Amino acid sequence: IGVLYIFAISSLGVYGIITAGWASNSKYAFLGCLRSAAQMISYELSIGLIIISVIILVGSLNLSEIVLAQQAVWFVIPLFPCCLMF
């Protein structure tokens, strides 16, 4: 399973929230679901940028290669600011 597949599957929850707010047939519930969806997208964006920095460091989208690249030193040390943001 690659990183792009994990990104795609993790973002499917936004559709469920939008559908639930729209199905309630209330404008206040719909505004609440839009707010919640915007919050989820902003969290996914920040985590995506952190993961992209790991991908750039490794040079591969394969999860096995990302794990194997950490044999010498964990990525917490060279990417310490990203670790704090996470």
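What this report covers is the structure whose coordinates are included nearby. (Residues numbered from 1 in each chain as written. Predicted model: local features only at pLDDT ≥ 70, side-chain atom pairs only at ≥ 80, totals over all residues. Heavy atoms only, no water.)

1. Topic: the overall build of the protein
When helices and strands are tallied, the protein shows five helices and zero strands. For the protein, the α and β elements follow one another from N to C terminus as α-α-α-α-α. A globule of 86 residues ought to have a C-alpha radius of gyration of about 12 Å, yet the protein, at 17 Å, is considerably larger. By principal-axis analysis of the C-alpha atoms, the protein measures approximately 55 × 25 × 15 Å. (Helix = DSSP H or I, 4+ residues; strand = E, 2+ residues; numbered from the N terminus. Rg over C-alpha atoms; globule rule 2.2 N^0.38 Å.)

2. Side note on the packing of helix 1 (residues 3-10) against helix 3 (residues 27-58)
Their axes nearest at 12 Å, the elements helix 1 and helix 3 cross at an angle of 175°. Taken together, helix 1 and helix 3 sit at an angle that is classed as roughly antiparallel. Taking contact as the criterion, the partners of Val3, Phe7 and Ser10 in helix 1 are, on helix 3, Glu44, Gly48, Ile51 and Ile55. Along the lines of polarity and charge, the residues of the contact of helix 1 with helix 3 split into four nonpolar, two polar and one charged. (Axes fitted to C-alpha atoms, helices over the stretch in contact; angles between N-to-C directions. Parallel < 35°, antiparallel > 145°, perpendicular 65-115°, else oblique. Contact = heavy atoms within 4.5 Å. Nonpolar A, V, L, I, M, F, W, Y, C, P; charged D, E, K, R; others polar.)

3. Quick notes on helix 3
Its 32 residues place the ends of helix 3 46 Å apart at the C-alpha level, agreeing with the 46 Å of an ideal helix rising 1.5 Å per residue. Here helix 3 has its buried residues at Cys33, Ala37, Gly48, Ile50, Ser53, Val54 and Ile55. On its buried face, helix 3 sits against helix 1, helix 2 (13-23), helix 4 (63-68) and helix 5 (80-85). Immediately beyond the C-terminal end of helix 3, within one or two residues, lies Gly59, with a positive phi of roughly 90°. (Expected span 1.5 Å × (residues − 1). Buried < 20%, exposed > 50% of the residue type's maximum accessible area, 1.4 Å probe, protein only.)

Function cannot be inferred from these measures alone, as they are strictly geometric.
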